[in-house]
Amino acid sequence: MKKTPPLQCPYCCSSDTSVFKHYPTIHNGVRKLYICRNCERLFSETHNTAMNNIKTPISKVASALRLRSEGLGLRATGRVLRSNKSTIALWENRFADQKATLLLYGFCREFISLTFEGDKLYTIVGKRTMPSESEGWTAVIMERASRFIVDQRCGKKDTALFKSVIKTVCGYIDHTDDLSFLSDGERRYGNMLFELCSEVLQTGKRGRPPRVLPKGVRVRVKNKGDQKHKKGRKRPKYQAPQREHLDTAQDLKEFEIHANHLEAQNAAIRRKNSTFRRKTNTYAKTVKGLQRTLDVHQIIHNYVRPHWTTREVPAVTLGILAKPLSLEGILSMQRAA
Ligand SMILES: [Zn+2]
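Let us look at the structure shown here. None of these values were measured; they are calculated from a predicted model.

1. Overview of the overall build of the protein
Turning to step 1, where the next piece is worked out: What the protein contains, in helices and strands, is 11 helices and 11 strands.
Turning to step 2, where the next piece is worked out: For the protein, the residues scored as buried account for 47% of the 337 residues in total.
Turning to step 3, where the next piece is worked out: For the protein, the exposed surface amounts to about 17,900 Å²; the carbon and sulfur share of it is 51%.

Shown next as structure tokens:
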């Protein structure tokens, strides 16, 4: 297993570390024990990675993730690999936990222009309830050109859900001069973006200065409903519900606005994620379980598997990575402190 040294010391965060000795393992070949020259403590190369204290070969853990990401259920994967379904859920949790570290990759570079699309999809969690009561809503945000999933989270379709994914979008605002957010109807995305990121515009005029979206940030929401038979003025197809900065360029053309890339994406999620695919009454057992599978899907979609339209891994298209990551590489990646 190749690694890019130096590893960071898990105790004092120093990067002044080196290999102390090699030791054999039953299933994973020779592993390295590291020493920190700063605090002189020893730590294993899997410390602070997804494989910490997992004795199973990393190739088997990766196989389980591969089967699951092709839409196989937890029990079926367990039968194929002769493992317990709770063990497979544990491996998935460890893999899903790498999401936060991988997210930081995106914030290590500057982007010329980003176009985000926001959508939502729905599955049933636990018992069947009214959609308004259900915790099976998933808010998804995707970067259009690269098909990079910025974030996807499930829960009740409420303000908190939209806020949680918009928080991730806000992280990108400081890293680009030009950011458009498009939504086919869900106004709460724009509202949350405004709530979290708007700033006071200094106009030099008297009175309370208005709040505006940061410079270079645009929000466009599709106007739903019939437009032809309305009395009076015809409504524009898209509108800008939030006040924008005076210096934000207003050159988004109508044909560029359509936020429909996610619809094809949602069809793919339904194919690949078993909780969206089953035809029984209970699709996902718990919200936690659904979020775990969404996180696993997001990581594989963004960093591992080439997208069927661009034929490239989204993180590579977006310019975050030079080349795709492997499942094994992600499993043995050190978590950010
Ligand atoms: Zn140390």
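So, next bit.
2. Considering the state of the cysteines
Turning to step 1, where the next piece is worked out: Evaluation of the coordinates by the stated rule reveals one disulfide.
Turning to step 2, where the next piece is worked out: Note on cysteine connectivity: Cys170 is disulfide-linked to Cys197, with sulfurs 2.5 Å apart. Of this pair, Cys170 sits in helix H5 (residues 159–173) while Cys197 sits in helix H6 (residues 187–197), placing them 27 residues apart in sequence.

3. Structural notes on the coordination of the zinc ion
Turning to step 1, where the next piece is worked out: Taken together, the protein ligands of the zinc ion are Cys9 (SG), Cys12 (SG), Cys36 (SG) and Cys39 (SG), with distances of 2.2 to 2.3 Å.
Turning to step 2, where the next piece is worked out: Angles of 104 to 120° at the metal separate the four donor atoms of the zinc ion, which places the site in the tetrahedral class.
Turning to step 3, where the next piece is worked out: Read N to C, the donor residues that coordinate the zinc ion are spaced as C-x2-C-x23-C-x2-C. Separated by 30 residues along the polypeptide, Cys9 in the segment before strand E1 (17–24) and Cys39 in the loop between strand E2 (30–36) and strand E3 (42–44) bring together distant segments of the chain.

4. Examining the packing of aromatic side chains
Turning to step 1, where the next piece is worked out: Counting across every chain of the model gives seven aromatic pairs.
Turning to step 2, where the next piece is worked out: Seen from their ring centres, Phe111 and Tyr172 are 5.9 Å apart, and the 45° between their planes marks the pair as tilted. Of this pair, Phe111 sits in the loop between helix H4 (99–106) and strand E4 (114–122) while Tyr172 sits in helix H5, placing them 61 residues apart in sequence. Note on accessibility: Phe111 and Tyr172 belong to one class, buried.
Turning to step 3, where the next piece is worked out: Judged by centre distance (5.9 Å) and plane angle (90°), the ring pair of Phe148 and Tyr303 falls under edge-to-face. One end of the pair, Phe148, is in strand E6 (residues 148–155); the other, Tyr303, is in helix H9 (residues 287–304), and 155 residues separate them in sequence. Comparing Phe148 with Tyr303 shows no difference in burial state: the two are buried.
Turning to step 4, where the next piece is worked out: In this structure an aromatic cluster arises from ring pairing among Phe107, Phe111, Phe116 and Tyr172.
Turning to step 5, where the next piece is worked out: The cationic tip of Arg41 hangs over the ring face of Tyr11; the distance from NZ or CZ to the ring centre is 4.0 Å.

5. Side note on the packing of H5 against H6
Turning to step 1, where the next piece is worked out: Two elements in contact, H5 and H6, have axes whose closest approach is 9 Å; the angle formed by their N-to-C orientations is 55°. Relative to H6, H5 is oriented oblique. Once H5 is placed against H6, the crossing between them reads as right-handed. Together, Thr159, Phe162, Lys163, Val165, Ile166, Lys167, Val169, Cys170 and Ile173 of H5 and Arg188, Tyr189, Met192, Leu193, Glu195, Leu196 and Cys197 of H6 make up the contact between the two elements.
Turning to step 2, where the next piece is worked out: Split by residue class, the contact of H5 with H6 holds 11 nonpolar, one polar and four charged.

Criteria and cut-off values
Residues numbered from 1 in each chain as written. Predicted model: local features only at pLDDT ≥ 70, side-chain atom pairs only at ≥ 80, totals over all residues. Heavy atoms only, no water. Helix = DSSP H or I, 4+ residues; strand = E, 2+ residues; numbered from the N terminus. Buried < 20%, exposed > 50% of the residue type's maximum accessible area, 1.4 Å probe, protein only. Areas by Shrake-Rupley, 256 points an atom, 1.4 Å probe, with all protein chains shown as cover. Disulfide = S-S within 2.5 Å. Donors = N, O, S within 2.8 Å, 3.2 Å for Na, K, Ca; no water. Tetrahedral: all angles 85-135°; square planar, octahedral: opposite > 155°, others 65-115°. Phe/Tyr/Trp six-rings, centres within 6.5 Å; stacked < 30°, edge-to-face > 60°. Lys NZ or Arg CZ within 6 Å of the ring centre and 35° of its normal. Axes fitted to C-alpha atoms, helices over the stretch in contact; angles between N-to-C directions. Parallel < 35°, antiparallel > 145°, perpendicular 65-115°, else oblique. Left-handed = near helix turned anticlockwise from the far one by under 90°. Contact = heavy atoms within 4.5 Å. Nonpolar A, V, L, I, M, F, W, Y, C, P; charged D, E, K, R; others polar.

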